[in-house]
Amino acid sequence: MDTSAPSLILIVDDETKIRRIVASNLERAGYDVISAADGMHALEIFELQSPKPALVLMDVMMPEMDGEEALKVIRKTSAVPVLILTARDFLCDKSKCFNAGADDYLVKPFSIQELELRVRALLRRTARQFMAPRGRTVVNGPLTLRSEEHDVLWRGTSVPVTDREFRLLESLASRPGAVVRYDELLRIGWGLDSDADISHLRVAVARIRKKLESISVNPAIISSFTNVGYMMGDLTSYDEDYGD
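About the criteria used
- Residues numbered from 1 in each chain as written.
- Predicted model: local features only at pLDDT ≥ 70, side-chain atom pairs only at ≥ 80, totals over all residues.
- Heavy atoms only, no water.
- Helix = DSSP H or I, 4+ residues; strand = E, 2+ residues; numbered from the N terminus.
- Rg over C-alpha atoms; globule rule 2.2 N^0.38 Å.
- Buried < 20%, exposed > 50% of the residue type's maximum accessible area, 1.4 Å probe, protein only.
- Axes fitted to C-alpha atoms, helices over the stretch in contact; angles between N-to-C directions.
- Parallel < 35°, antiparallel > 145°, perpendicular 65-115°, else oblique.
- Contact = heavy atoms within 4.5 Å.
- Nonpolar A, V, L, I, M, F, W, Y, C, P; charged D, E, K, R; others polar.
- Salt bridge = Lys/Arg side-chain N within 4 Å of Asp/Glu carboxyl O.
- Core = buried A, V, L, I, M, F, W, Y, C linked by side-chain atoms within 4.5 Å.
- pLDDT = per-residue confidence, 0-100.
- Pairing = 2+ DSSP bridges.
- Phe/Tyr/Trp six-rings, centres within 6.5 Å; stacked < 30°, edge-to-face > 60°.

A.B. asks: Which residues make up the overall build of the protein chain, and what values go with them?
C.D. replies: Helix and strand counts for the protein chain come out as nine helices and 12 strands. Expected size for 244 residues packed as a compact globule is a radius of gyration near 18 Å; at 19 Å, the protein chain falls within 12% of this value. Along the first, second and third principal axes, the C-alpha atoms of the protein chain reach 70 × 35 × 30 Å. Here the protein chain holds 244 residues, and the buried ones make up 51% of them.

Okay, here's the thing in structure tokens:
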């Protein structure tokens, strides 16, 4: 993944299986994902989500509001790239979607490899335009998070993280010794994504711990409180509290 580009992708499809398969593969490729089951929910996410999605993958035939109508509404306020994912392979359908403002069109069934290629191409094309504003620094002992540079540093060593992982780490590091509840972390990490639950949060925290451990940081600096949330300890005396 191009780390200079924003990585939050909105998947809009009324088929749960497709949403989950696409989300799983894109997350494995290093992107953050949020999803909606219909056009109305997609517009709600697009209005309230912060940061805004950098790319939208949109089905056409959906309840409540179809993809073409949702796309027209999005285009009134945003030039975010939109990739249509649909089983409709007629020229007239493609023409309607492109005239409504679509940037690309992929017919179902499609290969995940081709989808990832198109996603990367669209994000590269618009990366600078959709960079989220940043400007905060959080320090907890040897750990420093600089949101302007999107850096996570441990004693000067950079830890590569996704946008979502950065937001979760920032939330925990800014309140050392305090338990941050599951619902707050889900809101910070996934916004209005209706498919996100505690299992997604656990996977994200496990990835963060693994990345920290890869540079010899004790993963126990992030504690789990069952049925409550997560806590990052006060790392001021890290060597004494967490050293071997």
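Resuming the write-up.
A.B. asks: Hey, could you go over the packing of helix α7 (residues 182–190) against helix α8 (residues 198–213) for me, with residue numbers and the actual values?
C.D. replies: Interaxial distance between α7 and α8 falls to 10 Å at its minimum, and their mutual angle equals 75°. As far as their axial angle goes, α8 and α7 are roughly perpendicular. Touching Y182, L185, L186 and W190 of α7 are I198, H200, L201, R202 and A204, all from α8. Residues that form the contact of α7 with α8 fall into these classes: seven nonpolar, one polar and one charged.

A.B. asks: Go over the pattern of salt bridges, please, and point to the residues and values.
C.D. replies: Here the structure, examined in full by the defined rule, presents 16 salt bridges. Residue K108 is joined to D13 by a salt bridge in which the shortest nitrogen-to-oxygen separation is 2.7 Å. Of this pair, K108 sits in the loop between β5 (104–107) and α5 (112–126) while D13 sits in the loop between β1 (8–12) and α1 (16–28), and the two are 95 residues apart along the sequence. Grouping residues by exposure puts K108 and D13 together as buried. A relative accessible area of 16% places K108 in the buried class.

A.B. asks: Give me the lowdown on the nonpolar core, citing residues and values where you can.
C.D. replies: Core analysis: the biggest nonpolar cluster contains 31 residues, and L201, I221, I222 and M232 have the highest contact counts within it. Setting aside residues up to four positions removed in sequence, I221 forms contacts with L212, M231, M232, G233, L235, Y238 and Y242. Counting residues in each nonpolar core, the second largest holds 24 residues, with V12, A36, F46 and V80 among its members.

A.B. asks: Quick rundown of the confidence of the model for the protein chain? Include the residues and the values.
C.D. replies: With 93% of its residues at a pLDDT of 70 or more, the protein chain shows a mean pLDDT of 87. Within the model, the stretch residues 1–6 combines pLDDT values under 50 with 14 contacts to residues more than four positions away or in other chains. A low-confidence stretch, residues 128–133 stays under pLDDT 50, and its non-local contacts, those more than four residues away or across chains, total nine contacts.

A.B. asks: Outline the sheet that holds strand β3 (residues 55–58), supporting the account with residue identities and numerical values.
C.D. replies: Here five strands make up an open sheet; going across it, the order is β2-β1-β3-β4-β5 and the pairing parallel. With one partner strand each, in any of the chains shown, β2 (32–36) and β5 form the two edges of the open sheet. Direction aside, neighbouring strands of the sheet carry axes that sit 20° apart on average. Pairing of β1 with β3 involves four bridges; the strand directions are parallel. The residue bridging I9 from the neighbouring strand is L55, located in β3.

A.B. asks: I'd like to hear about the environment of L212, residue by residue, with values.
C.D. replies: Looking at the element boundaries, L212 is found in helix α8. Put simply, L212 and A36 are 176 residues apart on the chain and 32 Å apart in space, counted from C-alpha to C-alpha.

A.B. asks: Quick rundown of unusual backbone geometry? Include the residues and the values.
C.D. replies: P109 follows K108 through a cis peptide bond whose omega is -5°. Counting through the fold element by element, P109 comes out in the loop between β5 and α5. Unlike most non-glycine residues, E64 shows phi in positive territory, near 70°. Examined against the element boundaries, E64 turns out to sit in the loop between β3 and α3 (67–75). Here N227, not a glycine, exhibits a phi torsion of approximately 65°, which is positive. For N227, a relative accessible area of 62% corresponds to the exposed category.

A.B. asks: Which residues make up the pairing of strand β12 (residues 229–232), and what values do they have?
C.D. replies: The alternating pattern of β12 places G229 and M231 on one face and Y230 and M232 on the opposite face, and all of these are buried. As judged from the four bridges shared by strand β11 (residues 222–225) and β12, these two strands associate in the antiparallel manner. Across the sheet, residue S223 finds its bridge partner in β12, namely M231. The hairpin turn running from β11 into β12, its antiparallel successor, is three residues long, and N227 in that turn takes a positive phi close to 65°.

A.B. asks: How would you summarise the packing of aromatic side chains if you had to cite specific residues and measurements?
C.D. replies: Two measures describe an aromatic ring pair: the distance that separates the ring centres and the angle between the ring planes. For the coordinates displayed, the defined rule picks out four aromatic pairs. Relative to Y105, the ring of F98 lies with its centre 6.2 Å away and its plane at 35°, an arrangement referred to as tilted. Among the aromatic side chains, those forming a connected cluster through ring pairs are W154, Y238 and Y242.

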